Amino acid sequence: MLKMKDISSGMVIPRRIVLFLVFICFLFWSSTALTNDQDFAALKALTDGWANIPEKWKGEDPCGDEWEGITCNNSRVVTISLSSMGLTGQLTGDLATLSELQILDLSYNKGLTGSIPSNIGDLSELTTLILLGCGFSGRIPDTVGSLKKLVYLSLNSNSFTGEIPASIGKLEHLYWLDLSDNKLSGSIPVSDGTKPGLDMLLRTKHFHFGINQLSGEIPPSLFSSEMLLIHVLFDNNNLTGRIPPTLGLVQTLQAVRFDRNELSGPVPSNLNNLTSVSELALSNNALTGPLPNLTGMNNLMSVDLSNNSFAATRFPAWFTTLRSLKTVIMERTGLVGQLPAEFFNIDSLQTVKLKNNQLNGSLDIRGRYTRQLELIDLENNSIDNVDVVLGNNFTLMLTDNPYCQRGLVKSPYCSSKLQETSYSTPVFCVTYKCADDQMSSSNCKCAYPYTGTLILRAPSFSAFGNDAYFNELQKSLLGSFVNFSLPVDAVSLSDVSLDTFGYVSMHLAFFPAGQNYFNRTAVLKLGFVFSNQSYEPPKIFKPYVFHADIYTHFEVSESDLCITGNKSSTHTIAIIGAVIGVVILLLLLVCAGFYAHYQKKRANKAKQQANPFVSWDSHGTSGDVPKLKGSRFFTFVELQKCTNSFSEANHIGSGGYGKVYRGVLTDGQIVAIKRSQQGSMQGSREFKNEIELLSRVHHKNLVKLIGFCFDHGEQMLIYEFIPNGTLLDSLSGRSGIQLDWIRRLKVALGSARGLQYLHELADPPIIHRDIKSTNILLDEHLNAKVADFGLSRLYGDADKGYVTTQVKGTMGYLDPEYFQTNQLTEKSDIFSFGVVLLEMITASKPIQQGQFIVKQIKETVDKSKELYNLCNIIDPLLRSSTIALVGFDRFMDLALKCVEEFGVDRPATGEVVKELENIMQMAGMNPDADSTTTSQSYEGSSTGQSFNHPYSGDSLVR
Ligand SMILES: *[C@@H]1O[C@H](CO)[C@@H](O)[C@H](O)[C@H]1NC(C)=O
Ligand SMILES: *[C@@H]1O[C@H](CO)[C@@H](O)[C@H](O)[C@H]1NC(C)=O
């Protein structure tokens with residue numbers, strides 16, 4: 001026993017006691033390690049030979065130290081999730097010792113090779129096995145059939161060989177079975193009383209076997225009416241024989257792909273019972289008999305029957321009854337006779353490919369075809385006449401038809417070149433030059449994105465020129481990252497194309513929030529969201545598979561963090577270069593001095609000729625030169641040069657006044673040039689008054705006028721270029737930027753302040769007249785800038801969007817009082833602004849499918865209910881956000897006041913600003929935070945201090 005006296009007197013403690021204490025400490029220490037010894041040993045042994053395991057995997061306590069990708073339950077390892085880590089090595093039998101393991105996700109590690117150990121069957125608790133996109137080979141061990149609890153099995157995109165193990169049929173809980181994109185051969189196993197087979201999988205919804213070398217007949221007993229399959233994808237194999245009639249019993253089916261096999265015989269007629277099928281692909285087989293009758297498939301969106309040996313037949317009239325059809329592909333299908341005109345009345349139709357048939361007579365497309373129609377390919381048929389409405393937007397291809405062989409006219413339909421349209425997220429940030437291995441996101445930030453290829457395995461749409469689909473996809477991606485609390489700030493999508501397997505592929509990049517790279521935890525979670533199909537896209541994109549690229553930018557050195565930062569090795573070179581540069585520069589300056597002197601006289605003379613104000617006089621009545629503040633004159637030639645002769649590539653927008661071009665001035669500044677078209681130009685006096693007025697307007701929330709051009713009979717206004725597009729671009733998903741609640745509040749306040757300046761501080765006051773989400777632009781820090789003020793007084797008569805020549809504005813935003821009385825006040829702008837506020841809540845356009853947002857919301861609002869009863873109308877991105885919608889009620893109250901029917905009931909602009917400031921404060925943000933100082937910290941993230949997010953108060957949002 002230790003006596004008190006010993007300690008208090010500071011005497012030496014006996015050695016025995018020290019040893020005893022150390023022992024106690026040791027016991028205590030080892031008992032605090034949370035990880036089961038056996039699991040630690042197994043994990044260690046398993047990953048011993050692996051490269052690129054996370055650096056933080058140190059020590060002996062994966063559970064207690066929260067190793068990345070490992071989760072535990074009661075000191076047992078239950079999850080190993082290491083997607084996209086760049087791992088290399090083999091999967092050893094040590095895995096089997098992790099007896100409580102439930103989830104194993106090693107997806108997207110191409111460096112993991114070798115075969116799967118057969119004792120994997122010992123993992124009796126395993127529910128999820130994902131080896132998608134690795135480099136595994138050999139046979140899939142029969143023992144996977146022992147994984148009794150398995151729900152999700154994804155072995156796709158490896159190099160597995162041999163047959164599909166029949167034992168998989170024993171997995172009675174299996175929901176997802178993906179074996180596609182391997183080298184599997186042999187036939188599809190079915191049970192026979194003694195051995196199991198895939199016909200026993202009564203709970204499985206997904207049979208994904210495409211891109212393999214499977215052969216033999218599809219056993220009729222594979223399918224039964226008890227099954228719940230929704231996706232059967234057997235495409236790109238070597239299957240032979242008939243399509244089994246039992247397929248018609250699986251009523252739940254939605255996507256069926258048997259294309260690119262060697263199937264023969266007639267298509268069973270009961271396929272017609274499959275009323276839920278939206279995608280049917282039977283192309284590139286040797287099917288015979290009559291063309292299948294698909295009248296019953298009411299939900300069919302995409303059908304491909306091409307390249308079979310069906311009996312010659314007229315284009316079936318029943319096609320016209322399938323009202324959901326988007327894509328019809330029947331190339332070399334033996335079609336004869338005339339194409340019925342009613343076919344083109346199908347509203348949803350996008351793509352029609354009927355190449356290599358014997359369709360004849362006259363082609364009648366005068367019908368009520370829709371805006372969605374993109375392509376009609378009728379190459380190599382017998383059509384000799386065309387009746388088509390001019391001014392259509394679709395491509396019609398008629399090469400190798402009598403119509404084109406007549407050689408009478410060089411018809412646009414007779415060129416065989418198909419103009420490729422491929423969607424890409426618009427890149428607004430032309431000003432941003434990133435380091436070689438970085439990319440600029442749509443929020444103008446150089447970063448190391450997590451990238452990969454999204455493959456749609458049974459796409460039901462084919463309109464790749466239709467932005468709406470991709471905007472929707474981007475938005476749903478952002479929404480799900482919000483849902484899963486993943487730090488993704490922006491999404492970009494590019495290179496959409498149709499590949500040789502009949503899949504649609506596109507490149508995706510996800511940009512990190514808060515810093516310019518993702519940490520490991522974020523990457524492996526991102527990987528899992530896709531490999532495990534936790535991300536659910538809108539229906540038309542299903543089923544999908546995502547192939548992530550390996551991510552290597554986990555730890556980025558301090559110098560890399562700085563966008564403009566130099567690596568030290570290049571630093572010295574830069575200094576030497578600079579010295580040489582200075583010497584040369586001095587020499588040049590001396591020369592230039594002489595030259596300048598020589599040129600001065602000439603220049604003076606030229607200047608006189610180019611005097612902007614000469615043209616004022618030459619245009620008659622204008623009188624004296626305009627008095628401008630900070631704006632300058634540009635010559636036509638100058639602007640022609642900086643826009644590459646107003647090239648199509650620089651065309652960034654248009655409106656009633658004409659077109660908008662992007663230009664780069666000689667000093668590198670990027671500008672937006674509004675060029676009025678003939679007919680919408682005004683007299684020189686009005687133009688002068690206008691630019692005098694606009695040049696006096698200076699506010700950080702208003703787009704700045706840089707100059708004008710009144711030359712060569714042209715009128716142009718030159719504005720600062722605002723890099724992040726319009727508010728609508730961000731709300732619709734087009735820009736791929738995540739506009740969370742705080743950002744929306746900031747945009748609302750910024751634009752209200754811009755408006756307040758116009759109404760209350762500008763002299764004379766300016767009524768905007770056309771406040772709308774496309775006239776609110778976002779700069780690189782997502783500050784709002786109001787555009788197009790004052791212009792409505794000049795331009796716009798020609799715009800279809802304007803209601804009458806007198807009342808100006810845009811449908812959906814127009815103040816009803818102004819519309820009735822023709823009396824314009826600031827309150828008309830307030831009404832439009834209220835509509836914009838509602839747009840920011842709902843992310844839908846003010847008039848959508850005949851519904852007027854103001855009316856719809858007024859009818860739905862119930863202030864006694866949660867979120868004012870607007871849960872179903874609110875932008876899903878806001879609803880799923882973890883950021884609380886602080887101040888939502890007051891925001892809605894304000895918006896509703898702004899859209900009151902009578903102007904007198906609407907708040908004054910100053911009141912709107914005040915209330916938005918209050919809401920910002922409620923949300924814990926400083927409404928007066930200067931946006932320019934926050935922009936400093938934005939790029940200053942390299943300095944190593946705690947990161948301060950650029951978007952003002954975001955650092956306050958937790
Ligand atoms: C197609 O099948 C429907 C019934 O499912 C039938 O009414 C129709 O006559 C058939 N059409 C043809 C052309 O065989
Ligand atoms: C079109 O083809 C059908 C069927 O082959 C034939 O009966 C008809 O006469 C042809 N019509 C014309 C205008 O050539």
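Residues numbered from 1 in each chain as written. Chains lettered and ligands numbered in written order. Predicted model: local features only at pLDDT ≥ 70, side-chain atom pairs only at ≥ 80, totals over all residues. Heavy atoms only, no water.

**Thoughts on the overall build of the chain**
Here is the rule: Where helices and strands are cited, they refer to DSSP runs of H or I of at least four residues and of E of at least two residues respectively, numbered from the N terminus. Summary of the burial criterion: residues with accessible area below 20% of their type's maximum are buried, those above 50% are exposed, and those between are partly exposed, where the area comes from a 1.4 Å probe applied to protein chains only. Between two residues, a contact is recorded if the distance between any of their heavy atoms is within 4.5 Å. The accessible surface values rely on the Shrake-Rupley method and a 1.4 Å probe; as for residues, cover is taken only from the protein chains in view.
Scanning the chain for helices and strands turns up 20 helices and 44 strands. Residues classed as buried in the chain amount to 54% of the 958 residues present. For the chain, the share of sequence-separated contacts (at least 6 apart) that also reach a separation of at least 24 residues comes to 62%. Put simply, the chain shows about 42300 Å² of open surface, and 53% of that area lies on carbon and sulfur atoms.

**Thoughts on the site of ligand 1**
Selection rule: It suffices for a single heavy atom of a residue to lie within 4 Å of a molecule or strand for the residue to be listed as near it.
The local shell around ligand 1 consists of Asn-272, Asn-293 and Thr-295. For ligand 1, whose free accessible area comes to 360 Å², the fraction covered by protein is 29%.

**Focus on the site of ligand 2**
How we decide: Here a polar contact is taken to be a pair of N or O atoms separated by no more than 3.5 Å, where protein atoms must pair a possible hydrogen donor with a possible acceptor and residues adjacent in sequence count only if both atoms sit in side chains.
Lining the immediate surroundings of ligand 2 are Arg-314, Gly-337 and Asn-360. Within the side chain of Asn-360, an N or O atom sits 2.2 Å from an oxygen atom of ligand 2. Relative to its free-state accessible area of 360 Å², ligand 2 is covered by the protein chains to the extent of 35%.

**Here we look at the confidence of the model for the chain**
Stated formally: What pLDDT conveys is the predictor's confidence in a given residue, as a value from 0 to 100.
Taken as a whole, the chain shows an average pLDDT of 82; of its residues, 81% reach a score of 70 or greater. Contacts from residues 601-615, a stretch scored under 50 in pLDDT, to residues over four places away or in other chains number 7 contacts.

**With respect to the packing of aromatic side chains**
For the record, the criterion: Each pair of aromatic rings taken from Phe, Tyr and Trp, with Trp reduced to its six-membered ring, is defined by centres within 6.5 Å and is described as stacked if the planes are under 30 degrees apart, edge-to-face if over 60, and tilted in the remaining cases. A ring is considered to have a charge above it if a Lys NZ or an Arg CZ atom is located within 6 Å of its centre and within 35 degrees of its normal.
Taken as a whole and judged by the stated rule, the model has 35 aromatic pairs. Between Phe-40 and Trp-67 the ring centres are 6.3 Å apart and the planes differ by 70°, which places this aromatic pair in the edge-to-face class. Taken as a pair, Phe-40 in helix H3 (residues 37-47) and Trp-67 in the loop between H3 and strand S1 (70-73) lie far apart in primary sequence, 27 residues in all. Looking at Trp-67, the relative accessible area reads 5%, which means it is buried. Centroid distance Phe-315 to Phe-343: 4.8 Å. Interplanar angle 65°. Geometry classified as edge-to-face. One end of the pair, Phe-315, is in the loop between strand S21 (313-314) and strand S22 (327-329); the other, Phe-343, is in the loop between strand S23 (335-337) and strand S24 (351-353), with 28 residues separating them in the sequence. Among the residues examined, Phe-343 registers a relative accessible area of 0% and is labelled buried. Over the ring of Phe-554 we find Arg-520; its NZ or CZ atom is 4.2 Å from the centre of that ring. Positioned over the ring face of Phe-634 is Arg-632, at 4.0 Å from the centre of the ring.

**Notes on the state of the cysteines**
Rules: Counting rule for disulfides: a pair of cysteine sulfur atoms within 2.5 Å.
Taken as a whole, this structure holds 2 disulfides when the rule is applied. Disulfide pairing is shown between Cys-63 and Cys-72; the S-S distance is 1.9 Å. Here Cys-63 and Cys-72 share a disulfide; its torsion about the S-S bond, -85°, makes the bridge left-handed. With relative accessibility at 29%, the residue Cys-72 sits in the partly exposed group. The side chain of Cys-404 participates in a disulfide bridge whose partner is Cys-414; the two sulfur atoms lie 2.0 Å from each other. Torsion about the S-S bond of the Cys-404 and Cys-414 cystine: about -90°, corresponding to left-handed handedness. With Cys-404 in helix H4 (residues 402-405) and Cys-414 in the loop between H4 and strand S29 (439-440), this residue pair connects regions lying 10 residues apart in the sequence.

**Describing the pairing of strand S31 (residues 450-456)**
The following threshold applies: The criterion for strand pairing is that DSSP finds at least two bridges linking the strands in question.
With respect to burial, S31 is a largely interior element, 6 of its 7 residues being buried. Note that S31 and strand S33 (residues 504-512) share 7 bridges and pair antiparallel. Within the sheet, the bridge partner assigned to Ile-455 lies in S33 and is Ser-505. Where S31 meets strand S34 (residues 544-548), 5 bridges bridge the pair, whose relative direction is antiparallel.

**Observations concerning unusual backbone geometry**
Most peptide bonds take the trans configuration, and most residues that are not glycine carry a negative phi. The linkage connecting Lys-542 with the following residue, Pro-543, adopts the cis geometry, with an omega of -10°. Along the chain, Pro-543 falls in the loop between helix H6 (520-531) and S34. Of the consecutive residues Asp-763 and Pro-764, the connecting peptide bond is found in the cis state with omega at 0°. Tracing the sequence through the fold places Pro-764 in the loop between helix H13 (741-761) and strand S41 (776-778). If you check the backbone angles, Ser-75 has positive phi at about 65° while not being a glycine. By the secondary structure assignment, Ser-75 is in the loop between S1 and strand S2 (76-81). A positive phi angle is found at Tyr-108, which is not glycine, with a value near 60°. With a relative accessible area of 1%, Tyr-108 lands in the buried category.

**Some thoughts on the sheet that holds S21**
What the 4 strands build is an open sheet, ordered S21-S23-S25-S27; its pairing is parallel. Each edge of the sheet is formed by a strand with only one pairing partner; in this case those strands are S21 and strand S27 (382-388). Relative to S23, S21 runs parallel, the two being bridged by 2 bridges. Bridged to Arg-314 within S23 is Val-336.

**Looking at the side chain of Thr-327**
As for its position among the elements, Thr-327 is in strand S22. Side-chain polar atoms of Thr-327 contact the side chain of Ser-462, separated by 2.8 Å. Aside from chain neighbours lying at most four places away, what touches Thr-327 is Met-301, Ser-302, Val-303, Thr-351, Ser-460, Phe-461 and Ser-462.

**Remarks on the pairing of strand S25 (residues 358-365)**
Where S23 and S25 come together, 2 bridges link them in parallel fashion. Looking at the pairing, Gly-337 lines up with Leu-359 of S25. Both S25 and S27 contribute to a ladder of 6 bridges, which runs parallel. Note on S27: the bridge partner recorded for Asn-360 is Ser-382.

**So, the sheet that holds strand S3 (residues 88-90)**
What counts is decided by this rule: Angular values range over 0 to 180 degrees, each being the angle between N-to-C directions of two axes fitted as lines to C-alpha atoms, with helices fitted over their stretch in contact.
The strand order across the open sheet formed by 4 strands is S3-S5-S7-S9, and the pairing between neighbours is parallel. Only two strands of the sheet have a single neighbouring strand rather than two, namely S3 and strand S9 (159-161). The average undirected angle you get between the axes of adjacent strands in this sheet is 15°. Note: strand S7 (residues 135-139) against S9, 3 bridges, orientation parallel. Following the sheet pairing, Ser-137 is matched in S9 by Ser-159.

**Some remarks on the pattern of salt bridges**
Under the convention used in this document: Salt bridges are counted wherever a side-chain nitrogen of Lys or Arg sits within 4 Å of a carboxyl oxygen of Asp or Glu.
A complete count under the given rule lists 25 salt bridges for this structure. Across the salt bridge formed by Asp-259 and Arg-257, the nearest N and O atoms sit 2.8 Å from each other. When the shortest N-O distance is used, the salt bridge between Arg-675 and Glu-714 registers 2.7 Å. Residue Arg-675 is located in strand S38 (residues 670-676), and its partner Glu-714 is located in strand S40 (residues 714-720); the two are separated by 39 residues in the primary sequence. By relative accessible area, which is 10% here, Glu-714 ends up buried. One network of salt bridges, with partners in common, ties together Asp-235, Arg-257, Asp-259 and Arg-260.

**Concerning the packing of helix H15 (residues 826-842) against helix H18 (residues 888-898)**
In plain terms, the rule: By definition, any crossing whose near helix is turned counterclockwise from its far helix by less than a right angle is left-handed, and any crossing with a clockwise turn is right-handed.
Contact pair H15 / H18: the axes reach a minimum separation of 7 Å and the direction vectors enclose 145°. The crossing of H15 and H18 is left-handed. Residues Ile-830, Phe-831, Gly-834, Leu-837, Leu-838 and Ile-841 of H15 lie in contact with H18, whose contacting residues are Phe-888, Phe-891, Met-892, Leu-894, Ala-895 and Cys-898.

**A word on the nonpolar core**
Here is a general trend for soluble globular proteins: nonpolar side chains tend to be buried in one another's company. Rules: To define a nonpolar core, start from buried Ala, Val, Leu, Ile, Met, Phe, Trp, Tyr and Cys residues and group those joined through side-chain atoms within 4.5 Å.
Counting residues in each nonpolar core, the largest one holds 161 residues, and the members touching the most others are Phe-223, Phe-234, Phe-258 and Phe-510. Setting aside anything within four residues of it in sequence, one finds Phe-234 in contact with Ile-188, Phe-207, Phe-209, Gly-210, Ile-218, Leu-222, Phe-223, Leu-239, Arg-257, Phe-258 and Asn-261. Core analysis: the second largest hydrophobic core is formed by 76 residues, Leu-702, Leu-749, Phe-888 and Met-892 among them.

**What to know about the environment of Ile-767**
Its location among the elements puts Ile-767 in the loop between H13 and S41. For the pair formed by Ile-767 and Leu-824, sequence separation is 57 residues and the distance between their alpha carbons is 8.0 Å.

**Here's the deal with H6**
Defined as follows: The length a helix should cover is 1.5 Å for every residue beyond the first.
Between its first and last C-alpha atoms H6 spans 16 Å; for 12 residues at 1.5 Å apiece the expected length is 16 Å, and the two agree. Burial within H6 is extensive, with 10 of its 12 residues counted as buried. The first or second residue beyond H6 is Gln-533, which carries a positive phi of 60°.

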